[in-house]
Number of protein chains: 4
Amino acid sequence: MNRIPQIIRTAHLEYRVTNLAQAREYYVDTLGFVETEATSDALYLRGLEDRNHHCLILRQADTPGIGHVAFQVYGPEDLALLETLYRPSAQFMERVPANTERGLGEALRIQDQWGFPLEFFWKNAKVAWQLQRYQNYHGFDVMRLDHVSLLLPSIDPAYRWYTEQLGFGCSEMTVTADKSTKWGAWLHRKQTSHDLALQIGVGSPMVHHASFISGSVPSLLRGLDVLGAQGDHRFIERGPGRHGTTNAFFLYLRDPDGNRLELFTGDYLLTDPDWDPIVWNLEDEQRQTFWGADAPDSWFNEAMGVANWATGQIVPTTAPTVQTRPTYLNRNND
Amino acid sequence: MNRIPQIIRTAHLEYRVTNLAQAREYYVDTLGFVETEATSDALYLRGLEDRNHHCLILRQADTPGIGHVAFQVYGPEDLALLETLYRPSAQFMERVPANTERGLGEALRIQDQWGFPLEFFWKNAKVAWQLQRYQNYHGFDVMRLDHVSLLLPSIDPAYRWYTEQLGFGCSEMTVTADKSTKWGAWLHRKQTSHDLALQIGVGSPMVHHASFISGSVPSLLRGLDVLGAQGDHRFIERGPGRHGTTNAFFLYLRDPDGNRLELFTGDYLLTDPDWDPIVWNLEDEQRQTFWGADAPDSWFNEAMGVANWATGQIVPTTAPTVQTRPTYLNRNND
Amino acid sequence: MNRIPQIIRTAHLEYRVTNLAQAREYYVDTLGFVETEATSDALYLRGLEDRNHHCLILRQADTPGIGHVAFQVYGPEDLALLETLYRPSAQFMERVPANTERGLGEALRIQDQWGFPLEFFWKNAKVAWQLQRYQNYHGFDVMRLDHVSLLLPSIDPAYRWYTEQLGFGCSEMTVTADKSTKWGAWLHRKQTSHDLALQIGVGSPMVHHASFISGSVPSLLRGLDVLGAQGDHRFIERGPGRHGTTNAFFLYLRDPDGNRLELFTGDYLLTDPDWDPIVWNLEDEQRQTFWGADAPDSWFNEAMGVANWATGQIVPTTAPTVQTRPTYLNRNND
Amino acid sequence: MNRIPQIIRTAHLEYRVTNLAQAREYYVDTLGFVETEATSDALYLRGLEDRNHHCLILRQADTPGIGHVAFQVYGPEDLALLETLYRPSAQFMERVPANTERGLGEALRIQDQWGFPLEFFWKNAKVAWQLQRYQNYHGFDVMRLDHVSLLLPSIDPAYRWYTEQLGFGCSEMTVTADKSTKWGAWLHRKQTSHDLALQIGVGSPMVHHASFISGSVPSLLRGLDVLGAQGDHRFIERGPGRHGTTNAFFLYLRDPDGNRLELFTGDYLLTDPDWDPIVWNLEDEQRQTFWGADAPDSWFNEAMGVANWATGQIVPTTAPTVQTRPTYLNRNND
């Protein structure tokens with residue numbers, strides 16, 4: 001039998017934070033995540049729409065960055081298929097029993113061929129839904145995790161891996177001006193525009209951002225006003241704006257440790273298997289902002305390192321082999 | 001000199017409530033008013049946009065209803081002019097020194113010729129603005145008092161009083177189908193569509209509702225969701241909808257004592273003295289709801305009694321001399 | 001092999017209209033559907049988010065009602081599986097070649113065991129996306145078809161059919177007060193709260209409504225204002241409001257022929273196969289409207305008949321075996 | 001008697017445009033202004049909320065810039081008072097008869113002591129209201145003119161002129177870091193946060209921008225999406241954002257000639273004569289953008305020249321005597 005592993009979706013990720021109390025205040029009190037469980041060195045958070053234990057872990061660490069990125073699969077047989085699939089290329093692979101990470105069943109931990117710390121699992125503890133607990137909404141009304149953006153040395157090999165070996169569909173992609181080279185790809189398993197964004201950036205393996213759904217445009221703007229009112233405007237990096245790609249109404253924030261997250265709302269449902277990817281030109285200003293504003297330099301120059309599963313240390317990075325930004329953005333940077 | 005009293009605007013009103021703690025929970029915790037000061041028998045509340053001490057007083061009383069309706073004037077000379085003006089017709093008139101009502105300077109209290117308990121003052125203690133304290137916004141994001149709706153036996157005499165003696169402008173009015181008789185009039189001193197609505201209802205003197213500005217349409221809808229989430233949907237009487245008159249996006253609530261308030265957003269600025277009133281036909285369904293839905297029976301059959309300044313008792317009411325509702329609404333009530 | 005047919009989603013439906021020009025004006029000019037193609041007796045419409053040929057057909061007919069409801073499947077083998085599955089129970093079954101219905105590949109037409117005219121197909125002509133053609137947005141900014149509500153004599157048999165034979169998941173359900181009987185079920189194939197609502201109503205087989213996604217809450221409210229501005233408020237039957245079930249911000253309209261459609265926004269993504277259905281009590285007022293307002297009588301007393309594939313005539317209906325409305329709604333109807 | 005002229009509000013202004021057809025397309029078709037009247041060399045536009053002939057004139061000219069800024073007063077006696085007031089200082093003064101400018105009664109034209117071309121009038125032709133013609137709303141749903149921003153060599157003299165001689169109130173002001181010098185002042189006659197903004201900029205006399213009310217936040221964002229969809233994103237200069245000053249949700253656009261306009265929504269009502277101005281520090285980042293984003297250089301370096309009433313030529317400008325931007329903005333400009 002030739003079955004490929006059945007991934008449901010990008011399910012959660014772990015941010016490393018240097019001050020858990022400060023991070024809790026930011027993510028829960030200010031941004032509006034729901035706290036499911038706290039341990040001595042971690043907080044397990046979810047969104048208002050989540051019925052699972054967590055979509056975000058904040059983990060006490062010496063340095064910021066990404067602890068791991070996790071995908072939920074359909075069942076235990078998918079973990080076995082993944083083991084087989086990754087064995088030749090994985091830098092590290094480990095099965096951990098249920099509850100090694102709170103709320104999760106057994107999991108498969110892999111440092112993949114590009115150095116990303118991934119986790120696969122099929123069982124997640126169920127918790128109460130907060131969707132109609134409107135009296136508790138605050139901040140950005142964070143609903144759920146949507147996607148994670150991975151920085152790669154080049155797009156093609158990872159694109160093939162995710163679409164051919166792991167069954168991801170491609171909703172949209174960006175190509176360089178001469179159309180010869182992919183510069184970004186938006187891949188999905190769940191029926192929205194993405195679960196993963198594969199992109200070029202300052203180095204690899206790094207995570208550019210994780211993106212969470214804000215309840216609506218008013219929710220997103222209210223969150224901005226709350227940040228402003230608290231004097232936390234320094235955490236606002238880019239936006240609000242509308243991406244050309246995926247049509248998302250977006251905002252990018254940094255957390256007190258510098259980790260980057262996106263809040264967004266308003267992409268589209270993608271249900272049909274015969275979808276033709278929408279293709280954008282890297283040099284199209286409206287690709288990145290439909291309203292024409294340039295992204296700030298930090299957007300291109302900074303990203304989050306990822307942890308080594310075995311050592312807990314941040315993985316060394318290498319520069320990409322593809323140009324790191326549109327050429328029109330260099331006009332002010334010479 | 002022939003100067004008329006210079007009223008700035010409808011400034012506050014007092015709701016009588018039978019359980020102050022319960023009322024506080026409703027108005028402050030749920031609806032989103034800001035508490036300025038509490039005494040043993042009263043709460044002084046304001047909106048997020050208010051820089052004055054209060055726009056709503058909740059007063060402990062044996063029965064619900066309206067304690068009084070207050071207008072701010074420009075200066076002490078206006079109080080004198082009002083005394084002269086009201087002396088022939090007032091049922092009761094009294095000057096009270098500063099701070100008789102918390103936050104207020106000296107005031108003139110009048111039971112007017114229709115039996116309404118009015119208060120005029122010119123000085124109001126200043127308090128901190130909450131407009132950019134977005135982290136405290138909740139419920140309906142109540143901004144400020146907009147207007148009060150007075151039920152009268154007929155419209156014309158009060159219309160003449162307010163426009164000719166007190167300088168109100170008329171933004172819009174409703175007339176009966178044969179155009180012979182005013183059925184409602186929206187009068188303003190401040191530069192919006194109204195400070196007072198003169199209307200026909202179940203009896204007079206009564207107050208149909210007081211209306212407060214909600215920050216925006218999303219604020220108003222969020223408030224509805226909060227009421228629903230708390231199981232407080234029984235307090236929702238009518239709406240949300242759009243009034244034809246004044247173009248307001250509206251919602252009508254009752255409080256735990258049955259007092260009625262409107263939350264609204266979205267009327268217009270009215271700055272020009274040569275404004276021609278917009279005239280609506282009572283039988284035009286879109287007058288009351290631009291989207292065509294009928295108001296519920298309680299809307300026509302119930303209103304709030306007003307207190308006698310001298311005795312604190314609710315003033316007896318008399319039936320109006322004008323039809324109390326559009327004829328098309330009787331089709332289901334025979 | 002024991003494979004079940006793989007349905008992607010509810011893909012389109014056909015409304016019968018008695019005046020195609022009038023219907024075009026309503027659906028395209030007023031509501032905001034996009035016209036893909038017109039023939040002498042039909043209009044093929046889609047939403048702003050659709051990249052397929054149509055999600056709604058308006059078909060000239062002598063009487064209003066529903067021509068058929070269509071589901072897209074993954075491939076031709078699914079049509080074969082459906083033929084096998086339906087053969088014992090179908091009242092009518094026919095294969096039609098590509099382009100019998102404009103834009104579609106070969107299709108399987110079935111009058112199912114409850115009398116509903118269904119259509120299954122796997123290929124749909126691709127057309128240009130309008131999602132970022134914001135200059136053309138108008139009316140309700142209709143995005144796509146979401147679901148169709150089928151009225152049945154009782155829920156259980158159809159519930160088992162759709163979940164066991166056709167692989168639908170159940171997001172939410174309503175049970176009678178004694179919990180003995182299902183009164184409604186929200187079933188999905190795509191990853192949202194529903195593709196089909198199975199409900200009890202005035203008769204069966206009938207369709208209560210088809211539901212289309214409006215771009216956002218402001219889109220939905222703007223559409224209401226446009227209807228009001230055009231004097232088309234008579235088409236507004238119920239809402240706006242928030243359903244308890246599915247959390248939808250909803251509005252129900254009738255078309256000039258009396259066909260009913262819902263416009264809604266704001267349910268949730270449902271990706272996980274281990275979802276436990278949310279269960280509502282029929283007697284819970286907040287089930288139907290989270291804000292507590294009763295649905296109008298017409299809501300329960302009126303629905304759309306469905307056509308017989310063979311004759312084109314409306315199928316005779318029978319009364320349900322389950323109570324047709326919450327008991328608390330009878331208080332005003334004795 | 002010592003009466004001062006009674007100004008109602010800033011009523012309209014005139015933009016000089018080099019291509020009237022192109023300007024019409026931009027302002028009417030794209031932005032959503034309503035066309036009242038066209039002549040061979042001018043277009044008279046109004047907003048959806050306006051019941052007067054125009055709030056914006058587009059005038060064919062060789063060069064862009066501002067033709068004049070106009071204030072409506074209460075009556076003819078105010079024009080006489082203004083003549084007396086301005087006679088000693090005005091660089092030019094002329095009475096013009098009714099209909100010299102379409103829709104206006106007699107007017108007084110003044111080149112004031114700072115070189116600004118002002119117009120005062122008291123009668124404006126009435127035209128149909130579009131507020132409830134929702135089917136015609138498009139673009140930014142432009143409601144009305146709100147204010148005009150005048151660039152001055154220093155703030156104090158003009159501040160005294162407008163507040164002492166012309167009865168303006170001050171809602172908010174900006175002072176330099178050492179608090180010694182006013183850097184900006186928001187002045188109003190109508191009961192909102194401003195009719196005039198007095199500011200420091202690249203030169204004087206110049207107009208930095210005119211500001212028009214957009215119907216709501218969704219209206220403003222929809223307008224942005226329309227600009228993007230049309231490939232007109234190059235006209236978007238700054239925003240969307242929230243100003244600290246006045247709390248406005250703002251957007252700044254340029255027109256095809258480079259003239260600058262603001263679209264905004266969401267300031268506050270200011271009715272009380274005892275209002276204490278809110279004072280901001282020039283170096284407070286949240287003053288200009290509550291969310292912390294810097295204004296672009298063009299914001300400070302570019303503004304619109306104003307016309308000489310007598311010659312029609314743009315008035316030469318002089319540099320300000322006050323620092324032209326916050327010092328923190330120079331960090332990237334050395």
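Residues numbered from 1 in each chain as written. Chains lettered and ligands numbered in written order. Predicted model: local features only at pLDDT ≥ 70, side-chain atom pairs only at ≥ 80, totals over all residues. Heavy atoms only, no water.

## Points about the overall build of chain A
- In terms of regular secondary structure, chain A is built from six helices and 18 strands.
- By the compact-globule yardstick of 20 Å for 334 residues, chain A fits well, its C-alpha radius of gyration being 19 Å.
- Relative to its full complement of 334 residues, chain A shows a buried share of 64%.
- In chain A, 70% of the contacts between residues at least 6 apart in sequence involve partners at least 24 apart.
- Accessible surface, chain A: about 11000 Å² in total, of which carbon and sulfur atoms supply 47%.
- A gap of 4 Å separates the mean positions of the 29 positive and 41 negative side-chain charges of chain A. (Helix = DSSP H or I, 4+ residues; strand = E, 2+ residues; numbered from the N terminus. Rg over C-alpha atoms; globule rule 2.2 N^0.38 Å. Buried < 20%, exposed > 50% of the residue type's maximum accessible area, 1.4 Å probe, protein only. Contact = heavy atoms within 4.5 Å. Areas by Shrake-Rupley, 256 points an atom, 1.4 Å probe, with all protein chains shown as cover. Lys, Arg positive; Asp, Glu negative; His and termini not counted. Charge placed at Lys NZ, Arg CZ, Asp CG, Glu CD.)

## Looking at the domain arrangement of chain A
All names here are of chain A.
- Annotation of chain A at the domain level lists domain 1 (7–121) and domain 2 (147–305).
- Taking the mean C-alpha position of each, domain 1 and domain 2 sit 20 Å from one another.
- Contact residues are listed per partner, giving 33 residues for domain 1 and 35 residues for domain 2.
- Of all residues in domain 1, Tyr26, Trp114 and Phe116 give up the largest surface area on contact with domain 2, accounting jointly for 26% of the area buried on that side.
- Along the contact surface separating domain 1 from domain 2 lie zero salt bridges. (Domains from an automatic or database assignment. Buried area = accessible area lost by both parts, 1.4 Å probe. Salt bridge = Lys/Arg side-chain N within 4 Å of Asp/Glu carboxyl O.)

## Observations regarding the relation of the copies chain C and chain A
- Mapping chain C onto chain A leaves a residual RMSD of 0.0 Å; the transformation is a rotation of 180° accompanied by 0.0 Å of translation along its axis. Taken together, the rotation and translation describe the operation of a two-fold axis. For chain C, the residue whose C-alpha comes nearest the rotation axis is glutamine 191 of chain C, separated from it by 3.1 Å.
- When the interface residues of chain C are mapped onto chain A, 100% of them again fall at the interface, so both copies present the same face. (Least-squares fit on C-alpha atoms with pLDDT ≥ 70 in both.)

## A look at helix H2 (residues 76–86) of chain D
- Listed as buried for H2 of chain D are Asp78, Leu79, Leu82, Glu83, Leu85 and Tyr86 of chain D. Here the buried residues of H2 of chain D occupy an arc of 165° about the axis, which is enough to place them on one side. (Arc of directions from axis to C-beta.)

## A look at the pairing of strand S16 (residues 260–265) of chain B
Residues and elements named next belong to chain B.
- Of all six residues in S16, six are buried, a share of seventy percent or more.
- Every second residue of S16 is oriented toward a common face, with Arg260, Glu262 and Phe264 on one face and Leu261, Leu263 and Thr265 on the other, all of them buried.
- In the sheet, strand S13 (residues 206–214) pairs with S16 via four bridges, with the strands oriented parallel. Across the sheet, the residue bridging to phenylalanine 212 is leucine 263, located in S16.
- Pairing of strand S15 (residues 249–254) with S16, which is carried by six bridges, proceeds in the antiparallel orientation. Directly across from leucine 253, in S16, lies its bridge partner leucine 261.
- In textbook terms, the turn of a hairpin is the stretch between consecutive antiparallel strands, and for S15 and S16 this stretch comprises five residues, one of which, glycine 258, has a positive phi near 95°. (Pairing = 2+ DSSP bridges.)

## Looking at the interface of chain C and chain A
- Across the contact, 32 residues belong to chain C and 32 residues belong to chain A.
- Summing both partners gives a buried area of about 2900 Å² for chain C against chain A, and 51% of it is carried by carbon and sulfur.
- The three residues of chain C that bury the most area against chain A are Arg51, Gln132 and Leu269 of chain C, which together make up 20% of that side's buried surface.
- For the salt bridge of arginine 9 of chain C with aspartate 272 of chain A, the shortest nitrogen-to-oxygen distance reads 2.9 Å.
- Contributions of two or more residues to the side of chain C that touches chain A are made by strand S1 (7–17) and strand S17 (278–281) of chain C.
- Residue classes in the side of chain C that touches chain A are distributed as 12 nonpolar, nine polar and 11 charged. (Nonpolar A, V, L, I, M, F, W, Y, C, P; charged D, E, K, R; others polar.)

## Remarks on the pairing of strand S8 (residues 117–121) of chain D
Residues and elements named next belong to chain D.
- With five of five residues buried, S8 lies mostly within the body of the structure.
- Residues Pro117, Glu119 and Phe121 point to one face of S8 and Leu118 and Phe120 to the other, with burial holding for every one of them.
- As defined by bridge partners, strand S5 (residues 65–73) adjoins S8 across four bridges and the pair is classed as parallel. Its bridge partner lying in S8, glutamine 72 is registered against phenylalanine 121.
- Across five bridges, strand S7 (residues 107–111) lies against S8 in antiparallel orientation.

## Details of the relation of the copies chain A and chain B
- Structural alignment of chain A on chain B gives an RMSD of 0.0 Å, achieved by rotating through 180° and translating 0.0 Å along the axis.
- Comparing interface residues between copies, 100% of those in chain A also lie at the interface in chain B; the contact surface is shared.

## Section: the interface of chain A and chain B
- Contact with chain A, which involves 13 residues of that partner, is made by 13 residues of chain B.
- When chain A packs against chain B, close to 1000 Å² is buried across both sides, 56% of that on carbon and sulfur atoms.
- Run the count over chain A and chain B and you get two salt bridges.
- Among the salt bridges present, the one from arginine 222 of chain B reaches aspartate 141 of chain A, with a minimum N-O distance of 2.8 Å.
- Here chain A is connected to chain B by two residue pairs in polar contact (both at pLDDT 80 or more). (Polar contact = N/O pair within 3.5 Å; in protein donor to acceptor, adjacent residues only side chain to side chain.)

## Some details on the pattern of salt bridges
- In the structure shown here, the tally under the stated rule is 92 salt bridges over all chains.
- Salt-bridge contacts for arginine 260 of chain B lead to glutamate 237 of chain B; the nearest nitrogen and oxygen are separated by 2.7 Å. Note that arginine 260 of chain B is positioned in strand S16 and glutamate 237 of chain B in strand S14 (residues 236–242), a separation of 23 residues in sequence. The burial state of arginine 260 of chain B is the same as that of glutamate 237 of chain B; both residues are buried.
- Of the charged contacts in the structure, one is a salt bridge between arginine 59 of chain D and glutamate 14 of chain D, with a shortest N-O distance of 3.2 Å. On the criterion of sequence distance, the pair formed by arginine 59 of chain D in strand S4 (residues 56–60) and glutamate 14 of chain D in strand S1 (residues 7–17) is long-range, its members being 45 residues apart. Both residues of the pair, arginine 59 of chain D and glutamate 14 of chain D, belong to the buried class.

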